[in-house]
Structures are given as C-alpha cells and as structure tokens.
Amino acid sequence: MERHKTLGALLLLPALLALTPSGQGGSIPGAAGRHGPERAPSGMVVSEHWLASEAGRDVLAAGGNAVDAAIATGLALAVTHPAAGNIGGGGFMVIRFPNGTSTAIDFREKAPLAAHPEMWLDENGEYSSDVHHNSHRAVGVPGTVAGFEKAHRLYGSAAWVDLVEPSVVLAEEGFLVTEGLAEGLSYLVERKGSGYPATVAAFSKDGAPYQAGDLLRQPDLARTLGRIRDEGAAGFYHGETARLVAEEMRANGGLITEEDLDLYQARERTPVRGTYRGYEIVSMPPPSSGGVALVTMLNILEGYDVAAMGHNSAPYVHHLAEAMRRAFRDRATYLADQDFVDVPVHTLITKEHAGSLRETIDPARASTSAPSDLAQGYESPETTHYSVVDADGMAVSVTYTLEAGYGAGIVVPGAGFLLNNEMGDFNAGPGLTTDRGLIGTDPNLARPQQRMLSSMTPSIVAKDGELVAVVGSPGGRTIINTVLQVILNVVDFGMDIQEAVDAPRVHHQWLPDRIRIEEEGVEASTVAELEAMGHPVDMGGRQGLAHSIMIDPATGERLGAADPRNPDSGARGH
Ligand code: GLY
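Definitions and limits used
- Residues numbered from 1 in each chain as written.
- Predicted model: local features only at pLDDT ≥ 70, side-chain atom pairs only at ≥ 80, totals over all residues.
- Heavy atoms only, no water.
- Helix = DSSP H or I, 4+ residues; strand = E, 2+ residues; numbered from the N terminus.
- Buried < 20%, exposed > 50% of the residue type's maximum accessible area, 1.4 Å probe, protein only.
- Contact = heavy atoms within 4.5 Å.
- Lys, Arg positive; Asp, Glu negative; His and termini not counted.
- Charge placed at Lys NZ, Arg CZ, Asp CG, Glu CD.
- Near = heavy atom within 4 Å.
- Polar contact = N/O pair within 3.5 Å; in protein donor to acceptor, adjacent residues only side chain to side chain.
- Areas by Shrake-Rupley, 256 points an atom, 1.4 Å probe, with all protein chains shown as cover.
- Nonpolar A, V, L, I, M, F, W, Y, C, P; charged D, E, K, R; others polar.
- Pairing = 2+ DSSP bridges.
- Salt bridge = Lys/Arg side-chain N within 4 Å of Asp/Glu carboxyl O.
- Core = buried A, V, L, I, M, F, W, Y, C linked by side-chain atoms within 4.5 Å.
- Axes fitted to C-alpha atoms, helices over the stretch in contact; angles between N-to-C directions.
- Phe/Tyr/Trp six-rings, centres within 6.5 Å; stacked < 30°, edge-to-face > 60°.
- 1 Å grid on protein atoms, 1.4 Å probe; cavity = no way out; pocket = protein on both sides within 12 Å on 5 of 7 lines; lining within 4 Å.
- Points joined across faces, edges and corners; volume = space filled by probe spheres on them.
- pLDDT = per-residue confidence, 0-100.

Some words on the overall build of the protein chain
- On a plain count of helices and strands, the protein chain comes out with 20 helices and 19 strands.
- Each principal axis of the C-alpha atoms in the protein chain carries an extent, and together these give about 65 × 60 × 45 Å.
- Looking at the 574 residues of the protein chain, the share that counts as buried comes to 65%.
- Considering only residue pairs separated by 6 or more positions, the protein chain has 74% of its internal contacts joining residues 24 or more positions apart.
- Taking the 43 positively charged and 73 negatively charged side chains of the protein chain as two groups, their mean positions are separated by 2 Å.

Following this line, the structure appears as structure tokens:
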C-alpha cells in the first residue's frame, strides 16, 4: 500500500488539493449560488486559470480556430498552472470538426529506450514506490510540445508564433500569484521539490515562499518557450532544451537521453465512439482507458431509467457504482498502449458486452469486487482539463498532465519547466500484484517506447449531427467517473452545463471496493441505504475539475462552465 499511503498523505496537503486550491474547504461550491455559465455568441475557452482562458479567447477573437486556441491555452497554463499545465508532460486532444467528423491527438509520454519492466526494483528484487513515483526514473519522455505542434500542423490556422507568444509574455513579465497557487508553490519548494535547487530557484523568492499577490516571473521558462516559438517542437526536442534535459537525467540516474527526445512522435488516433440515449459520445482511445470505460459505463446505464431513480439517490449511486466496478475491472484486465498490446476496444464498447455486464448487477445488493488479483490503489488527483469551441463549431477537448501535482517536482536547470512523473502510471513490475494496491499484470508494464496507461477522458458529445458539449476533468481514475456524471447530469437529469459541473460526484474503481462521495454530496440516510446494500462508503474531499462547454440549443450560444472547485479557473468567451 505504499502508493496508496503516499497519495493519502498527499491528499491532506492543501497545495495538492486540486480539490480546494483556495484552501477554503467548506461545502460544494455550487450550493453557494449560481455563478455561471458564461455565455458568448461565437467562441469559448474554459480552463483552470482565467489568464490561460483569456490567451485562448484572444486567439479565437483574432480569427484563430479552436485548435489554435487550445494550443495557446495549453502553453499559457504551462506558465500559470504549474501543478499540471505543462510542456514537460503529456496528454490527449480530441477534436470534433464542424462537419461532424472527429480525430484525436495522442501526446502521451513514452518510456525511454532504456526502460524495462523491472526498472523500479533494486538488486534484491525489492520494489521501490519512491523510485517509481518520485525520482528521475519516474520521468517519461514528454509529449506536449510535439502534440501541440502536430495538432497545429494538421488542423491549426493561425501562425504558430502567435500561439506561443502569449505564454512567453506571461512567463517573462509574470502574473499575480493567487492564494491557491501560493499554497501549491510553498508545498513544492518546501517539501516535494526541496531537494532540487532549480525547483526552489524557479518557484520561490530566493528561498522564501511566494505569497498571494506577488508577481511570479519565470525567465528560464520564457527562454524555453521562446525557443519553441521560434523553432517549433525542435526548440524542445533538439538543441539547447534537449541538452539541458539529457544533462539533468545523466547527472541524476535518469534514463532519458537526447535520442529519446529525438525519437518522440505524437500520434493521430481514431477516437472511441459510442452512443447514449441518442447522443453521440466521442472520446480518447488507448493508451487512455478513459474513452473505453466511459462508453462501457454509459452502455450499462442505458438499460436503466436512471432519471426515475433520482439524482444521487441510493438506487442511482448503487447502479453507478456497479457500472463503474465492471468498467474498471475491464480496464485493469485489458487496457494499455495499443501500439504494444492487442486491446479489444471494439468488443469492450459494444452494447452486447455492456448487456452481459448489466445482467450481473443485482438492483438491490452490492456485488463484490473479485479477489485482489488485480488490486490497484488510488491515483493522484492532479492533471488538468480545458475545453474550447470556436465560431464555426469546431470543438477541442484537451486533458494533459504531469501525473502528480508538479509532476516529479524536478525543474530542468536552465530550462525552467517541471518534469512529469508519468512512469508511475506503468504497473510496478512483473507479477507484483498485491492486495496493498500494487499491480503487476503484463499489458501495462514499462517497455522501451511504450506509452503508460492513462485515465484521461477528454470527450465531446453531439446529437443529430450537432455539437452538444465538450467535457473532461483531472483526477486520476476519478476522471472517467467525473466525465460520466457530467454527461448523465445533462442527458438524464436535464441540468444546464453549470449545474452538471457543480453537482456532487461519486467514485468507485472496482478496487479498493468502496464508494467515495464528495462531502455533502448525499444525505446521511442515503449513505445508510447504500451501506445496507453492502457498499462501504467514504464521504469527503472533492472530485475533479470538469471545465466544460455546452451549446445552447435555442440560440447557439456557447455556455462556458468553469468548475467552481477551483476559484482560479475561468470561462472566457467572445
Ligand atoms: N496521470 C493521470 C492519467 O494519465 O490518467
């Protein structure tokens, strides 16, 4: 349970509360009163930081399309939201074009050439969670810059320099630190990254923590972004930036070399598609498990009148949990990088497969998760999601990540950006399955150039050929369940997009065999009913940050719903 324990401890840290970045705690924000959605006639960007949303909005207003705006937003988040916004990590972009076709860009990190399944075991065969998750060996070859460049080359319309320049300016001139960011950075420099001088130098004032209202300037990051602006992805994967990354690795037992950086390629993939009560769902295929699990759960739930059960009633939460339990078991059994493993995507997303899973659900009684042959702990709640729609109706859903909050906590000296710890999303080692949360099944073991399994679920919903909504969330494995519930809230419960985002959420991931419900998410009597059905229930915390967009069917307006669980987030339209 090392991993589990570590994450449990991290969850207590205010800095890592993607859940409550302001540190304010308290009740579910949506309960405090209406605060959105933001309405705009043409384009909308919703992200974790309003300055990044503004960077994307300005690109749209200048005539750029949704892909252009997504790139500008993502690069701006790399400056303003260092916990998860990144150029040192990776992620996924799902695009739906105005003609109804769609595609996906996979810029997930890859294992370096020197990686191998036993790379986190010592000479005695002892597994080290710390090396797996908190060391230079936890770093995957970053994909974000290659992904953005590929998306731009294939589908962008604005000049690349105009998409990168806003982030250069933000890094060079600085921006005001919020209360949430101050808490995060103090955790980074005093704890997680305290052993790395470049991290402390980049994110403190000569060792003293930033306070809310301080100006945060990042001159090394500005120079790196300047190279990306001037040279494209070559400004990251070759030359000065690549040299600085490889030097940091060589000096600290890391595996990434100049050759790994040179070899990195983003991939265009065919999205996973499903239907739910006449709505079309477009989401991310492997190496994400998100799209497959999302469609599986929707297919299972389509067989029930969930609206009649009542939102967050005991019968509803029970059926949600049972659908989640089954989809997450499939996830652990089959899902991994499809470039290395034969993943039966088409079977898993059929209505027939969901029907056979549904038949095993007792409407009144919790089933048990199988013995812990595939046990898994909870994952870090970090990562970040943003949504974009342009004037023509092109929609872009991006979820990208450093894995844990601030990734590995390692800033590349001289380059000013944080490295991911995404290798932690590979399984621990062959056969290393324990009932304490490790998993050792074969498909998702670390192999040279393989991409680690992800839960990120950037998704787009359409109906009758028209765009309905753009959704996604951070939150490790909770991501898939957060996205599921935003969609159910809209489709089954008729909520508007802000209500759908605000509503309290529920999580079950097969193992550990427990339902987690956001604090104040259900009545005490509902918990008692669920427990009587045989479900262990944990109440508390926050789940996800589902920055979403919906199209008003009556007016065509773009409705941007920033998730109030992070007060720094913002919806910006034009
Ligand atoms: N590191 C979080 C995910 O990829 O799901």
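Observations regarding the site of the ligand
- Close to the ligand lie Arg108, Thr383, Glu403, Glu422, Asp425, Ser454, Ser455 and Met456, which account for all nearby residues.
- Take serine 454: an N or O atom from its side chain is 2.7 Å from an oxygen atom of the ligand.
- Across the complex, the protein chains shield 100% of the 200 Å² of accessible surface that the ligand would expose by itself.
- In terms of residue class, the shell around the ligand is made up of one nonpolar, three polar and four charged.

Section: the side chain of serine 569
- Relative to the elements of secondary structure, serine 569 occurs in the loop between β18 (558-561) and β19 (570-573).
- Classification of serine 569 as buried rests on a relative accessible area of 12%.
- In terms of polar contacts, serine 569 uses its side chain to reach the backbone carbonyl oxygen of aspartate 563, at 3.1 Å.
- For serine 569, the contacting residues outside a window of four places in its chain are Ser47, Glu48, His49, Trp50, His547, Ala562 and Asp563.

Quick look at the sheet that holds strand β15 (residues 515-517)
- Pairing is mixed across the open sheet formed by three strands, whose spatial order is β14-β15-β16. The open sheet terminates on both sides in strands that have one partner only, identified here as β14 (506-507) and β16 (537-539).
- Pairing geometry for β14 and β15, over two bridges, is antiparallel. When the bridges of β15 are listed, valine 506 appears paired with isoleucine 517.

Here's the deal with the pattern of salt bridges
- Applying the stated criterion across every chain, the model contains 29 salt bridges.
- Here aspartate 106 ties to arginine 451 by a salt bridge, and the two come within 3.4 Å at their closest N and O atoms. Note that aspartate 106 is positioned in strand β4 (residues 102-107) and arginine 451 in the loop between β11 (395-401) and β12 (459-463), a separation of 345 residues in sequence. Side by side, aspartate 106 and arginine 451 carry an identical accessibility label, which is buried.

Focus: the nonpolar core
- One finds Ile87 and Met93 to be the most contacted residues of the largest nonpolar core, which totals 79 residues.
- The element contributing the most residues to this core is helix α3 (residues 66-80), with 11 residues.
- Core analysis: the second largest hydrophobic core is formed by 76 residues, Ala354, Val468, Val483 and Val501 among them.

A short note on the sheet that holds strand β13 (residues 466-471)
- Pairing in this open sheet of seven strands is antiparallel, and the strands run β1-β18-β17-β13-β12-β9-β8 from one edge to the other. Looking at the sheet topology across the chains shown, the edges are occupied by β1 (38-40) and β8 (272-276). Taking the axes of each pair of neighbouring strands and ignoring which way they run, one obtains an average angle of 25° across the sheet.
- The pairing of β12 with β13 spans five bridges and is classified as antiparallel. Each residue of the ladder has a partner; that of alanine 462, found in β13, is leucine 467.
- Contacts from helix α18 (residues 478-491) reach β8, β9 (279-283), β12, β13 and β17 (548-551) within the one sheet, and its direction differs from that of β13 by about 140°.

Some thoughts on the pairing of β11
- For β11, the buried fraction is high: seven of the seven residues fall into the buried class.
- Here β11 shows a buried face lined by Ala395, Ser397, Thr399 and Thr401 and a second buried face lined by Val396, Val398 and Tyr400.
- As paired strands, strand β3 (residues 90-96) and β11 are joined by seven bridges and run antiparallel to one another. Looking at β11, one finds that valine 94 is bridged to serine 397.
- Adjacent in sequence and paired antiparallel, strand β10 (residues 384-389) and β11 are bridged by five residues, among which glycine 393 carries a positive phi angle near 90°.

What about the packing of aromatic side chains?
- Tallied over the full model, the rule gives eight aromatic pairs.
- Centroid distance phenylalanine 236 to tyrosine 237: 4.9 Å. Interplanar angle 65°. Geometry classified as edge-to-face. Neither residue differs from the other here; phenylalanine 236 and tyrosine 237 are each classed as buried.
- Their ring planes at 80° and their centres at 5.1 Å tell us that tyrosine 316 and phenylalanine 493 sit as a pair that is edge-to-face. Taken together, the residues span a long stretch of sequence, with tyrosine 316 in helix α15 (residues 314-334) and phenylalanine 493 in the loop between α18 and α19 (497-502) at a distance of 177 residues. Accessibility classification places tyrosine 316 together with phenylalanine 493 in one group, the buried group.
- Three or more aromatic residues link up through ring pairs in this structure, and these residues are Phe107, Phe148, Tyr386 and Tyr400.

A closer look at unusual backbone geometry
- The omega torsion across proline 286 and proline 287 is 20°, close enough to zero to call that bond cis.
- With respect to the element layout, proline 287 can be found in the loop between β9 and α13 (290-301).
- That bond from leucine 511 to proline 512 is cis: its omega, -5°, falls within 30 degrees of zero.
- By the element assignment, proline 512 lies in the loop between β14 and β15.

A look at helix α17 (residues 351-358)
- Buried within α17 we find His353, Ala354, Gly355 and Leu357.
- For α17, the elements touching its buried residues are α13, α15 and α16 (345-348).

Some thoughts on the layout of surface pockets
- For the second largest pocket, the calculated volume is near 310 Å³.
- Every residue lining the second largest pocket is counted, 18 residues in all, and those nearest its centre are Glu466, Leu467, Val468, Ile551 and Pro553.
- Counting only elements with at least two residues in the lining of the second largest pocket, the list comes to β13 and β17.
- Here the lining of the second largest pocket gets three residues from one element, more than from any other, and that element is β13.

Side note on the confidence of the model for the protein chain
- Per-residue confidence for the protein chain gives a mean pLDDT of 91, with 91% of residues at or over 70.
- Low pLDDT, under 50, characterises residues 1-34; the stretch is placed with 77 contacts to residues that sit more than four places away or in other chains.
- Below pLDDT 50 for its whole length, residues 371-375 participates in 23 contacts with residues either more than four positions away or in separate chains.

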